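# Geometric and topological summary
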Amino acid sequence: MSLEEDALLLAKVELFANVAPRRLKLLALASSRVLFAAGQDLCVEGDEGYEAFILVSGEADVKIRTPSGVATVARLKRNDIVGEMAILRDMPRTATVTAVSDVSTLRIGKQDFLNLLKEFPEVTVEVMRSLAERLARTTSELANLRSAAKA
Amino acid sequence: MSDRMEQNLFRYIWTHSKRQQVWILIVVALSMPTYFLAFDIPKQIVNGPIQGGGFETPDATQKVLPVVVGNPFGDQSYTLFSGFDLDRMGALVALSLAFLGYVIINGAFKLYINTYKGRLGERMLRRLRYQLVDRVLRFPFPQYRRVRSSEIATMIKDEVDPLGGFIGEAFATPAFLAGQALAALLFIMLQSWALGLVTLAILIVQTLLIPKLRGRLRKLALQRQLTARDLSGRVSEIVDGATDIRLNDSTNFERSDISDRLAKIFFIRFDFYQWKFMVKFINNFLAQFTPFVFYLGGGILAIRGNLDIGQLVAVIAAYKDLPGPIKELIDWDYQRLDVQVKYLQVVNAFDVTPLAPPRAQELQTGKVPPLEGPFIFRQVSATDESGKTLISGLDLEIGLREDVVAIGAAGDGAEVVGDLIARLMAPSAGTLNIGSTALASLPEWQTGRRIGYVGPEPFFAHGTARDALLSGLRHAPFRPPPEGEAMSPLIVREAMASGNPQFDRRADWIDYEATGASTEEELSNRITQVLALVNLEEDFYAFGLRTKLSDATEGDDEEMFLNARRMFLDRLTEGDNAADVEPFVVTQFNSQLTVFQNIVFGAVSSPEMLPNEFPADSPLWRLLAIDGLDRQLYQLGREASAVIVDLFGEVSDNIKILERLDLIDPNKLPDYSAALGRTDGADYANVTTADRQKFIRVALSYCEPRHRLDLLTNELQDAIVKARMIFREKLPPHLANDFFFHDPDQINPFASLQDNILFGRIVDGRAGAVDRVNALLREILAELGLSYAVLERGLKYEIGSGGRRLSLSQRQQLGLARVLLRRPEFLIVNRGLNALDNRTVERVVRGILDMAKSDAGGFGVLWITSTESHAALFSRVLKFSRGELVSDETSK
């Protein structure tokens, strides 16, 4: 789990595809490795969020509370990023993310992430793209759940 | 008695010290006869025994030292004692001894009078200072915004100081000096009318001219006082506002402003000196002019035989005693005018109306009656100092047990309701009652205990967090001071003599009853409860865990903490998360520690022993050089530096990240870059000591999990553990007291409480490890009954002046806790938590409302805020807009 490895890992994250390697190394240096045991929450819906996580290994489920109970809306794998929404604006976490297996992550602090967005507009565009995708996905999941509830 | 300050200094002095002043006058009068008699003796000695007057025959005798009482209204005199019958030698001895006797008696009088005057002056100064501070405590609230605190402090401390010296002199000195001068003058007159008249004429010129010349000095002195006071106000503004001044790059304006003021002061002072020395010159000239007349005129008279030489000598001797008193009298007069002006200047600044009447702040040790009836606003309006309307025509009733939220943006009037109830401002129109009485008529000793007010910027005096918490409970000396610490009778007597109160500062002023606690333990519980309520308990608990054990160690706790360490280790290894902590094992490298911490494997007494601080010639360098460790560390440091310099460049925009890494000081980045260049490819043997040390320091701060440069090989780790043993053996004796090595069976006084109990470090990067460890730690400390001991250590945290060592949100929480601790009947929180995040505020509000609604110790709440976020929690919601109450809704 050295700096070099982390920088390579970041480069594989879609969001950071266009960021200069040296900058990614700096981001890696500012970040830290965090291990979650299976069943542990990376973040909890409604909590304040100060950090984003990139999955290095293992898998995690994204769950939201609905009137009809907790629904799993996505499964995160290696190189996926989670938690960036909450640090884009000061709002509580919109979902709970729970480790399915032991999960190793790279944690990026709020300020470091925001600085990166300022410096690299490409990253901002990527963030927007991923948010839009997630919105579309969430909407369709919601529609499915609704029709399932009706049935 | 009117509550104005006396404008006339003399009347002030007379009112407070007439008996003493009269006594001094009497003593001065008593001292006069011997003083006068002492003049005559030299003449008698010279004319009699020395020159032989009256001893024409060898066995002639004379009566010396008769006691004669003259009648001032007639010629007759009564001889009480006709004198000793002595020969020439005997007379010389007797007269000389008499002279010596008079000198001693006069000296004793002088000593007594001066001591008495000094004490009198100091008492009056104490009284005056006390009265001034007393008035400050009774100022109307808006006055505090108008005055500059440092100016008030300067006035009380410096400006009244000369008054103390003068007060003792106010009546006695002029009497004494005038008496002396008159005696000397009278004596000269008796010896020679002509010389006496000349002396008198010059005296009159002197006493008329000099004070005139000094008028200008007085004006300058006044200006000097005002400019100096202004300067101290400005300087304190610069200190208070230093951050903003520097952040706005306006330091040079401040420099020029200060220089400008100093110039003004310089010219005033220079002018002052010019005049002062000119006046001195004239005064001295006039004083020396008289002897000139004596020598010339008296000499002519003596040569012609119109004046005997003994008389002339006596006149000159008497004159020696005249310029002194005269000069001092003139000085006294100048001082009188000066202090009168100063006094007036100071007194006017404190003559503020309306002052709170003294009985509103009377000391109350007994029970204070509870509030009665709701707060009733009838057509209440309020304006700010500029006359702008803040609220108009408010009709409102708030019950004492209601929980109300008042919502409005700043300036909309919501906060005015709180300020009015807290009486921080007074209505400009309308009536504000509590029950059937005017709120304004309640004494402060009732409102200050029954109503709680928390604004957005609570103030704390310098001290510990505990002091700050308890500062709201210091109402009166409830319990006498500990044995042997009470005020001594002398102190009490002096306090009375100076019109100071006789409350004992060392008594226990804490109103335990107000907190609802009757024992020390219950108070501890209350403090814990209140801190938990405002969400501050964790913070102080954490402070407590971070304190070094050497700070305030209580002996018996040590064994308990060792117990806690053993229990912690047991529970940790039993549980599933044993890997959360990497324990301190002396034979193993600890990856959570820096290289330096691994070598020392203990704690240091002071920051000077840390790798960034210890000097280039420290003996520690030699310890590191053993077995070639220095070469390896140099290599590590150099590699780490190379990565950092490569990533951050010579000038870094990412200073925050660099600072967080704590490896290289951002300012020294160029140095490191240069050093890397210098040492590129160089053999270690050829590298300068300075460059070696530069890189070794980086290596010493290196910690693999934090910096992740993959530089700590297994071999290096082994070498470091080996070095650890050598370090322990070879540490020079004079440094032995600066290091305390980790020992499983011993408390480490230089290490934090947390390090002592964990006896290891929480492993970086295990999610939830910190929370799990903290939970376990709390569990164990609670089991051992040490929870409060830890919290208490945290509460010993010095919060700094005004609480500046706490964050704004912590200050706000502490301010709220302070008020809650004294269980007010009605709590006003005026944007008192606006620095906290919403979720925390909600938790605090819920807690407070629960407490408010409880049957025992319940209270009313007025919560003033800008947002509607928590409105749903309250039973009644008031909304304000543009100074008016626009909605008032009560939920069931």
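Residue numbers restart at each chain and count upward from 1, following the sequence in its written direction. Working convention: letters from A go to chains and numbers from 1 go to ligands, in the order in which they are written. A pLDDT threshold of at least 70 governs which residues receive local features in this predicted model, and a stricter bar of 80 or more applies before side-chain atom pairs are shown or counted, although totals over entire chains, interfaces and linings include all residues. Hydrogens are left out, water is left out, and the side-chain values use all remaining heavy atoms of the structure.

On to the overall build of chain A, then. Counting from the N terminus, the helices are DSSP H or I runs at least four residues long and the strands are E runs at least two residues long. Counting its regular elements, chain A contains five helices and eight strands. Here the globule rule reads 2.2 Å times residues to the power 0.38, and the radius of gyration is calculated from C-alpha atoms. Against the globule reference of 15 Å for 151 residues, chain A gives a C-alpha radius of gyration of 16 Å, in line with a compact fold. With respect to the principal axes defined by its C-alpha atoms, chain A has extents near 55 × 30 × 25 Å. For each residue, the accessible area found with a 1.4 Å probe, counting protein chains only, is set against the maximum for its type, and the residue is called buried under 20%, exposed over 50%, and partly exposed in between. The burial tally for chain A puts 46% of its 151 residues in the buried class. Pairs at least 24 residues apart make up 75% of the contacts formed inside chain A by residues separated by at least 6 positions. When the accessible surface of chain A is totalled, it reaches about 7,700 Å², and 57% of it is carbon and sulfur. His is not counted here, nor are the chain ends, while Lys and Arg score as positive and Asp and Glu score as negative. Taken as the charge centre is NZ of Lys, CZ of Arg, CG of Asp or CD of Glu, depending on the residue. Of the side chains in chain A, 20 bear a positive and 21 a negative charge, and the two mean positions are spaced by 2 Å. The contact definition used throughout considers only heavy atoms, calling two residues in contact when any of these lie within 4.5 Å. All accessible areas in this document rest on Shrake-Rupley with a 1.4 Å probe, and a residue is counted as covered only by the protein chains that are shown.

Note on patches: the residues involved have over 30% relative accessible area and no salt bridge, like charges join within 9 Å, and the nonpolar side chains Val, Leu, Ile, Met, Phe, Trp and Tyr join within 5 Å. Only one rule defines a salt bridge in this text: a Lys or Arg side-chain nitrogen within 4 Å of an Asp or Glu carboxyl oxygen. Taken together, Trp14(B), Val22(B), Trp23(B), Ile26(B), Leu30(B) and Tyr112(B) make up a surface patch of nonpolar side chains, about 550 Å² in accessible area. By the element assignment, Leu30(B) lies in helix H1 (residues 9-50).

Residues and elements named next belong to chain B. Cis geometry marks the peptide bond from threonine 353 to proline 354; its omega dihedral reads -5 degrees. Locating proline 354 in the fold gives a position in the loop between helix H11 (323-350) and strand E5 (375-383). Even without a glycine there, the phi angle at phenylalanine 759 is positive, about 45 degrees. In this structure, phenylalanine 759 sits in the loop between helix H28 (753-758) and strand E16 (760-762). Within the chain, arginine 831 stands out as a residue other than glycine whose phi angle is a positive 50 degrees. Turning to its location among the elements, arginine 831 is positioned in the loop between strand E17 (826-830) and helix H32 (838-853).

Moving on: the domain arrangement of chain B. Residues and elements named next belong to chain B. For the domains described, the bounds stem from an automatic or database domain assignment. Assigned domains of chain B: these are domain 1 (9-350), domain 2 (375-475 + 801-890) and domain 3 (606-711). One C-alpha centre belongs to domain 1, the other to domain 2, and the line joining them spans 58 Å. Taken together, the contact pairs five residues of domain 1 with four residues of domain 2. A 1.4 Å probe defines the accessible area here, and the buried area is the portion of it lost by two parts on being joined, summed over both. Here domain 1 meets domain 2 over a buried area of about 410 Å², counting both sides, of which 40% is carbon and sulfur. Linking domain 1 with domain 2 are two salt bridges. Close ionic contact of arginine 146 with glutamate 385 constitutes a salt bridge, the shortest N to O distance being 3.2 Å. In protein, a polar contact requires one atom able to donate a hydrogen and another able to accept it; more generally it is a pair of N or O atoms within 3.5 Å, and residues adjacent in sequence count only if both atoms are side-chain atoms. One can count two residue pairs in polar contact (both at pLDDT 80 or more) joining domain 1 with domain 2.

Let's shift gears to the confidence of the model for chain A. Within a predicted model, pLDDT stands for the predictor's per-residue confidence, ranging from 0 to 100. Mean pLDDT over chain A stands at 83; residues scoring 70 or higher make up 97%. Mean pLDDT across the elements of chain A ranges from a minimum in helix H3 (residues 84-88) of chain A, with 75, to a maximum in strand E7 (residues 96-99) of chain A, with 92.

Let us now look at the sheet that holds E17(B). All names here are of chain B. Only strands joined by at least two bridges in the DSSP assignment are considered to pair. Reading across from one edge, E10-E17-E18-E7-E19-E20 is the order of the six strands in this open sheet, with mixed pairing throughout. Of all strands in the sheet, those with a lone pairing partner are strand E10 (451-454) and strand E20 (884-890), marking the two edges. On average, each strand axis in the sheet is inclined to that of its neighbour by 15 degrees, with strand direction left out of account. Pairing between strand E7 (residues 403-407) and strand E19 (residues 876-881): four bridges, direction parallel. Directly across from valine 404, in E19, lies its bridge partner arginine 876. Structural elements are reduced to axes, namely lines fitted to C-alpha atoms, with helices fitted over the stretch in contact, and the angle between N-to-C directions of any two is expressed from 0 to 180 degrees.

Residue and element names in this part refer to chain A. Looking at where glutamate 141 falls in the secondary structure, it is placed in helix H5 (residues 121-150). Since its relative accessible area comes to 25%, glutamate 141 is described here as partly exposed. Sequence spacing of glutamate 141 and alanine 71 is 70 residues, and the spatial spacing of their C-alpha atoms is 9.3 Å. Excluding anything up to four places from it in sequence, glutamate 141 contacts Thr72 and Val73.

All names here are of chain B. Pairing is antiparallel in the open sheet, where four strands are placed in the order E6-E5-E8-E9. With partners counted over all chains shown, the strands left at the sheet margins are strand E6 (389-398) and strand E9 (437-438), one partner each. Pairing between E5 and strand E8 (residues 429-434): five bridges, direction antiparallel. Within E8, the position partnered with arginine 378 by the bridge is threonine 431.

A word on the environment of Tyr319(B). Within the element layout of this structure, Tyr319(B) appears in helix H10 (residues 309-320). Excluding its chain neighbours within four sequence positions, the residues that come into contact with Tyr319(B) are Ile188(B), Thr199(B), Ala287(B), Thr290(B), Pro291(B) and Phe294(B).

What follows covers the interface of chain B and chain A. You'll often see interface size given as the accessible area lost when the parts meet. With 20 residues of chain B in contact, the opposing surface of chain A contributes 23 residues. Carbon and sulfur atoms supply 53% of the area buried between chain B and chain A, which totals about 1,800 Å² over both sides. Our enumeration of links across chain B and chain A arrives at one salt bridge. A salt bridge links Asp6(A) to Arg708(B); the shortest N-O distance between them is 2.0 Å.

Turning to the environment of Ser96(B), a few remarks are in order. Residues and elements named next belong to chain B. Topologically, serine 96 is positioned in helix H2 (residues 88-136). Judged by its relative accessible area of 32%, serine 96 falls in the partly exposed class. As a C-alpha pair, serine 96 and valine 136 span 40 residues in sequence and 60 Å in three-dimensional space.

This next bit is on the pairing of strand E18 (residues 860-865) of chain B. Residue and element names in this part refer to chain B. Where burial is concerned, most of E18 is hidden: six out of the six residues are buried. Here E18 shows two buried faces, one formed by Gly860, Leu862 and Ile864 and the other by Val861, Trp863 and Thr865. Sheet topology places E7 next to E18; five bridges connect them, and they run parallel. Counterpart to isoleucine 407 in the pairing with E18 is threonine 865. Across five bridges, the pairing between E17 and E18 is parallel. Bridge pairing in E18 places phenylalanine 826 opposite glycine 860.

Any two packed helices are characterised by the angle at which their axes cross and by the distance between the axes. Residues and elements named next belong to chain B. In the contact formed by helix H4 (residues 149-159) and helix H7 (residues 193-240), the axes pass within 8 Å of each other and the chain directions differ by 135 degrees. By the angle class used here, H4 and H7 are oblique. The element H4 and its partner H7 pack so that their crossing is right-handed. Together, Ser150, Glu151, Thr154, Met155 and Glu159 of H4 and Gln225, Arg229, Asp230, Ser232, Gly233 and Ser236 of H7 make up the contact between the two elements. For the contact of H4 with H7, a count of residues per class yields one nonpolar, six polar and four charged. Here roughly perpendicular refers to angles of 65 to 115 degrees, roughly parallel to angles under 35, roughly antiparallel to angles over 145, and oblique to all remaining angles. Crossing handedness follows the turn of the near helix against the far one: under a right angle anticlockwise gives a left-handed crossing, and clockwise gives a right-handed one. Residue polarity follows a fixed list, in which Ala, Val, Leu, Ile, Met, Phe, Trp, Tyr, Cys and Pro are nonpolar, Asp, Glu, Lys and Arg are charged, and the others, Gly among them, are polar.

Now for the nonpolar core. Grouped burial of nonpolar side chains is what soluble globular proteins tend to show. Core analysis: the largest hydrophobic core is formed by 78 residues, its most contacted members being Phe16(A), Phe648(B) and Phe739(B). Among the elements that take part in this core, helix H22 (residues 629-648) of chain B stands out by supplying nine residues, more than any other. Not counting residues up to four positions away in its chain, the partners in contact with Phe16(A) are Leu10(A), Leu24(A), Leu27(A), Ile54(A), Ile81(A), Ile108(A), Phe113(A), Leu116(A) and Val123(A). Membership of the second largest hydrophobic core comes to 76 residues, among which are Leu469(B), Tyr788(B), Leu791(B) and Leu821(B). By nonpolar core we mean a set of buried residues, namely Ala, Val, Leu, Ile, Met, Phe, Trp, Tyr and Cys, connected to one another through side-chain atoms within 4.5 Å.

Let's shift gears to the packing of aromatic side chains. All names here are of chain B. Ring pairs shown here join Phe, Tyr and Trp side chains whose ring centres sit within 6.5 Å, with only the six-membered ring taken for Trp; geometry is labelled stacked below 30 degrees between planes, edge-to-face above 60, and tilted in between. Enumeration over the complete set of coordinates arrives at 30 aromatic pairs over all chains. For the ring pair phenylalanine 503 and tryptophan 509, a centre distance of 6.3 Å and an interplane angle of 70 degrees mean the geometry is edge-to-face. Here phenylalanine 503 falls in the partly exposed class, since its relative accessible area comes to 40%. Under the relative-accessibility criterion, tryptophan 509 is labelled buried at 18%. Here phenylalanine 727 and phenylalanine 741 contribute two aromatic rings whose centre-to-centre distance is 6.2 Å and whose plane-to-plane angle is 85 degrees, an arrangement assigned as edge-to-face. Note that phenylalanine 727 is positioned in helix H27 (residues 714-730) and phenylalanine 741 in strand E15 (residues 739-741), a separation of 14 residues in sequence. Summarising the burial analysis for this pair, phenylalanine 727 and phenylalanine 741 share the class buried. Taken together, the ring pairs connect Phe10, Trp14, Phe166, Phe171 and Trp332 into an aromatic cluster.

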